[in-house]
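Each chain, letter by letter, is given below.
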Amino acid sequence: MTEEASLSPEIVLAEIKKNGVTHVVWLPDSETNWLYTLMKAEPSLTLVTVPREGLAFSCASGIHIGGGKPVILIQNTGLMEAGDSMRGWTKDMNIPVVLIVGYRGYTRHGVNKDTAATYTEPFLHAFHVPFYLVENSEDAPRISIAFADAQRTRQPAAILVGDEYHGFNR
Amino acid sequence: MLKMDDVLKAFQPHRGDAIVISGRATRQWEKISTQRERDLPLGDPAMGGHASFALGLALAQPHRKIVLFDSEGDIQMNLGVLAMIAEQKPKNFYHLLLDNECYATTGGQPVPNAKTMAYDVIAKGCGYPSAHAFTNLESFTVSIGRILSEPGPVMVAVKIVPEIENVPIGQRTPRSKRTRNEALADLRKTLGVNN
């Protein structure tokens, strides 16, 4: 993949804003710092940093019940850690929240050296969470599809950001 | 140690129009509360998440007072939530920690280091601007009104007598008379939220 085909954090932020997000509940990973810098400068967003990913799901649930529109921004490793929170605080409570998940270890060719990538899609299938792969800026409209999915089903929907070593990390 | 009923009865006159997330005190609180539409009995969606849920609600409803009846077993599962709450500084968030030193719903086994944990000290160390601890009813009764007028986030750690449940879950009376979805719908109607 060339640099030109990478995922621009500005485009991700534009998708977040376009979908009316009020709160970004997140735990930083090494590849999202440029997105963090942009989000921090965006006055329409409140950033809520969690110390463990499970807390992102309960916090997002509270934000939604209170009338806000959260998005959860975490890495696949933390997503797997947070399975029971996702089940109890979002799926069982019918919370329409989008998860933007860093797909650590993802390779287009499927030869994984990182089990974080190996188990990510089976994990989402097990919890019946639909997901869309976003590898570059041309894929970014899939983020809006995920928001529409979540709203229609009143359930979580995920974006897997398969661009770990490119656009998010300039 | 205080009896949970006594704590809740002492709190009730000072509730105002606060939203109350009743946690593991739901069964007792429903007998005392006079504003069911502002109560949120969530049951146990996933243990350890009530405080961050309450934070989310407080952030989304910054002009309404949010009171959480939390438990020490829940908070020990995610102590980092105290730092998360302190960082957000929700002025409308009141964190009442009902500490019975055990997992009462599983038969009363002690939580880790049950006797010596100081949750007010931990909260203060995490950055809560105000934290209190109570081991007798008189002090709690005299203080709770003033505490609820302080800007949040406030930690109120109260030692309570355990009310141990030791029958199979399927044979227990539900904590709330409403289902979770009914309670959520009632609250959202009260808040005028329709997202």
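**Things to note about the sheet that holds strand β8 (residues 154-159) of chain B**
Through backbone hydrogen bonds, the strands of a sheet pair up, either in parallel or in antiparallel fashion. All names here are of chain B. Spatially, β2-β1-β3-β4-β8-β7 is the arrangement adopted by the 6 strands of the open sheet, whose pairing is parallel. The open sheet terminates on both sides in strands that have one partner only, identified here as β2 (39-40) and β7 (130-134). Note: strand β3 (residues 66-71) against strand β4 (residues 93-99), 6 bridges, orientation parallel. Across the sheet, the residue bridging to Ile 66 is Phe 93, located in β4.

**Quick word on the side chain of Arg 15 of chain B**
Residues and elements named next belong to chain B. The topology assignment puts Arg 15 in the loop between α1 (4-11) and β1 (19-21). For Arg 15, the side chain forms a polar contact with the main-chain oxygen of Arg 38, separated by 3.1 Å. Within polar-contact distance, the side chain of Arg 15 engages the side chain of Asp 39 at 2.7 Å. For Arg 15, the contacting residues outside a window of four places in its chain are Val 20, Trp 29, Ser 33, Gln 35, Arg 38 and Asp 39.

**Thoughts on the interface of chain B and chain A**
Accessible area lost during the coming together of the parts is what is often quoted as the interface size. Facing 28 residues of chain B, the contacting portion of chain A comprises 29 residues. Summing the contributions of chain B and of chain A, the shared interface buries around 2,100 Å²; its carbon and sulfur component is 63%. The largest share of the area that chain B buries against chain A comes from Phe 53, Met 84 and Asn 195 of chain B, three residues that together contribute 26% of it. For the pair chain B and chain A, the interface holds 0 salt bridges. In this structure, the connection of chain B to chain A is made through 9 residue pairs in polar contact (both at pLDDT 80 or more). Residue assignment for the side of chain B that touches chain A shows that the elements contributing at least two residues are α3 (50-60), α5 (81-88) and α8 (180-191) of chain B. Ranked by residue count, the leading element in the side of chain B that touches chain A is α3 of chain B, at 8 residues.

**Brief notes about the pairing of strand β1 (residues 23-26) of chain A**
Residue and element names in this part refer to chain A. Of the two faces of β1, the one lined by His 23 and Val 25 and the one lined by Val 24 and Trp 26 are each fully buried. Taken together, the 4 bridges between β1 and strand β3 (residues 70-75) define a ladder with parallel strand orientation. Counterpart to His 23 in the pairing with β3 is Pro 70.

**Concerning the packing of helix α1 (residues 9-18) of chain A against helix α2 (residues 33-40) of chain A**
In a packed pair of helices, the relevant descriptors are the angle between the two axes and the axis-to-axis distance. Residue and element names in this part refer to chain A. In contact at an axis separation of 9 Å, α1 and α2 are set at 45° when each is read in the N-to-C sense. Judged by the inter-axis angle, α1 sits oblique to α2. Between α1 and α2 lies a crossing of right-handed hand. Across the interface between the two elements, Pro 9, Glu 10, Val 12 and Leu 13 from α1 touch Trp 34, Leu 35, Leu 38 and Met 39 from α2. Here the residues of the contact of α1 with α2 sort into 7 nonpolar, no polar and 1 charged.

What counts as what
- Residues numbered from 1 in each chain as written.
- Chains lettered and ligands numbered in written order.
- Predicted model: local features only at pLDDT ≥ 70, side-chain atom pairs only at ≥ 80, totals over all residues.
- Heavy atoms only, no water.
- Pairing = 2+ DSSP bridges.
- Helix = DSSP H or I, 4+ residues; strand = E, 2+ residues; numbered from the N terminus.
- Polar contact = N/O pair within 3.5 Å; in protein donor to acceptor, adjacent residues only side chain to side chain.
- Contact = heavy atoms within 4.5 Å.
- Buried area = accessible area lost by both parts, 1.4 Å probe.
- Salt bridge = Lys/Arg side-chain N within 4 Å of Asp/Glu carboxyl O.
- Buried < 20%, exposed > 50% of the residue type's maximum accessible area, 1.4 Å probe, protein only.
- Axes fitted to C-alpha atoms, helices over the stretch in contact; angles between N-to-C directions.
- Parallel < 35°, antiparallel > 145°, perpendicular 65-115°, else oblique.
- Left-handed = near helix turned anticlockwise from the far one by under 90°.
- Nonpolar A, V, L, I, M, F, W, Y, C, P; charged D, E, K, R; others polar.

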